[in-house]
Amino acid sequence: MDYLELRNSFLSELHGVLNTVELQALRSKYTGKKGVVTQKLKAMAAAPKEERAALGKAVNEIKDFIETQVKEKETALSKKDTRSYVDLTLPGAYIKPGGRHPVKIILNEIIDIFVSMGFAVEDGPEVETDYYNFEALNIPQNHPARDMQDTFYIKPQGAESPSHSNVESNIVLRTHTSPVQIRVMEKRKPPLMFIAPGKVYRCDSDISHTPIFHQVEGLMVDEGITFANLKAVLEAFLHIVFGPDVPVRFRPSFFPFTEPSAEVDLCCFACKGSGCRVCKNSGWIEILGAGMVDPRVLNMAGIDTEVYSGFAFGLGIERIASLRYGIDDIRLFYEGDLRFLRQF
Ligand code: DAH
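Residues numbered from 1 in each chain as written. Predicted model: local features only at pLDDT ≥ 70, side-chain atom pairs only at ≥ 80, totals over all residues. Heavy atoms only, no water.

Caption draft 1: The environment of valine 86, seen in detail. Note that valine 86 resides in the loop between helix 4 (49–84) and helix 5 (102–116). Overall, valine 86 belongs to the exposed group, its relative accessible area being 68%. Sequence separation between valine 86 and arginine 277 is 191 residues, and the spatial gap between their C-alpha atoms is 60 Å. (Helix = DSSP H or I, 4+ residues; strand = E, 2+ residues; numbered from the N terminus. Buried < 20%, exposed > 50% of the residue type's maximum accessible area, 1.4 Å probe, protein only.)

The following block contains the structure:
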């Protein structure tokens with residue numbers, strides 16, 4: 001091994017040294033009693049006289065070089081070691097506990113209320129077929145709910161662009177939780193009594209709309225279910241959420257999947273019914289949609305309408321949360337502003 005090689009191999013080994021123990025081992029490997037450099041010094045005795053001086057000079061130079069390098073590394077390592085010491089007297093890093101999102105708080109509360117009445121909780125896919133989201137719910141092809149403005153269409157495989165007419169292969173982000181009604185009715189026989197909470201999607205964004213929001217669907221199907229059952233369940237529910245004395249009103253309405261249909265209003269809590277900004281001067285606040293399940297829908301899901309009837313309802317969680325907390329811009333729920341979220 002010539003001197004340049006020796007120097008280089010020392011340097012590359014030095015580079016890999018991680019601590020003082022390794023450093024001492026490396027040092028003795030080179031300049032220790034049995035070290036490579038020491039061996040060279042000893043070997044000088046055998047060299048011809050006229051070469052000895054030059055040899056000695058070279059060996060001493062490399063020895064000095066190694067010693068200096070070791071010293072420098074020692075200082076570097078000791079600095080590094082000090083920095084990696086754990087100072088047990090320092091205060092620990094404070095991990096702030098998270099909090100429940102206001103929408104989740106209300107959602108859980110609503111689920112608890114229906115569960116206490118005996119409703120089961122069901123789940124369904126958020127990416128839905130046209131059939132379950134529209135067709136099986138008696139939503140005809142030209143219904144405004146199918147307008148591209150409302151529905152997020154997922155491009156059908158192989159198609160050039162999302163198409164309205166290609167009903168068979170249209171895949172959508174569900175626009176409501178109602179498709180879960182159909183999926184459960186196809187799977188199980190009545191009596192059925194369940195809610196289906198979850199996310200829904202609409203291509204819409206303003207002060208009272210966000211592209212993602214939450215709904216709770218409800219369905220009760222059995223022999224002899226009437227509108228009286230629907231009224232009893234929903235009134236009981238609203239009185240638990242908004243207080244036992246709040247007047248509740250059932251107003252005739254239309255949904256393709258219910259007949260008759262109703263919208264359920266709550267007497268405005270802000271003006272007690274006299275009319276104000278909150279209720280747009282009507283004295284009432286629209287809170288949910290409901291109705292007796294259209295026999296066509298029951299039939300399509302394989303339920304014998306000679307024997308069974310049922311009611312359904314659907315409510316928006318953000319709407320209830322904003323009424324409860326007095327929030328007038330629904331988008332605040334999803335902006336992730338901690339100053340807003342910490343209030344709940
Ligand atoms: N699916 C309706 C919507 O998103 C809400 C709804 C209304 C659900 C009436 C129902 C119902 O089950 O009976 O606007």
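Caption draft 2: Spotlight on the sheet that holds strand 10 (residues 308–316). Taken in spatial order, the seven strands line up as 1-5-6-10-9-8-7 in an open sheet, and their pairing is mixed. Both edges of this open sheet fall to strand 1 (120–121) and strand 7 (248–255), since each of them pairs with a single strand only. Where helix 7 (residues 179–187) meets the sheet, it contacts strand 5 (192–201), strand 6 (212–223) and strand 10, and its direction lies at approximately 140 degrees from that of strand 5. (Pairing = 2+ DSSP bridges. Contact = heavy atoms within 4.5 Å. Axes fitted to C-alpha atoms, helices over the stretch in contact; angles between N-to-C directions.)

Caption draft 3: Seen up close, the environment of glutamine 24. Topologically, glutamine 24 is positioned in helix 2 (residues 20–31). With 241 residues separating them along the chain, glutamine 24 and aspartate 265 place their C-alpha atoms 83 Å apart.

Caption draft 4: Looking closely at helix 7. Every buried residue of helix 7 is listed here: Pro179, Val180, Gln181, Ile182, Val184 and Met185. For helix 7, the secondary structure elements touched by its buried residues are strand 2 (127–129), helix 6 (130–133), strand 5, strand 6, helix 9 (295–300) and strand 10.

Caption draft 5: Main features of unusual backbone geometry. Backbone torsion omega between proline 190 and proline 191 reads 5 degrees, so that peptide bond is classified as cis. By secondary structure assignment, the location of proline 191 is in the loop between helix 7 and strand 5. Unusually for a residue other than glycine, asparagine 138 sits at a positive phi of about 65 degrees. With respect to the secondary-structure elements, asparagine 138 resides in the loop between helix 6 and strand 3 (153–154).

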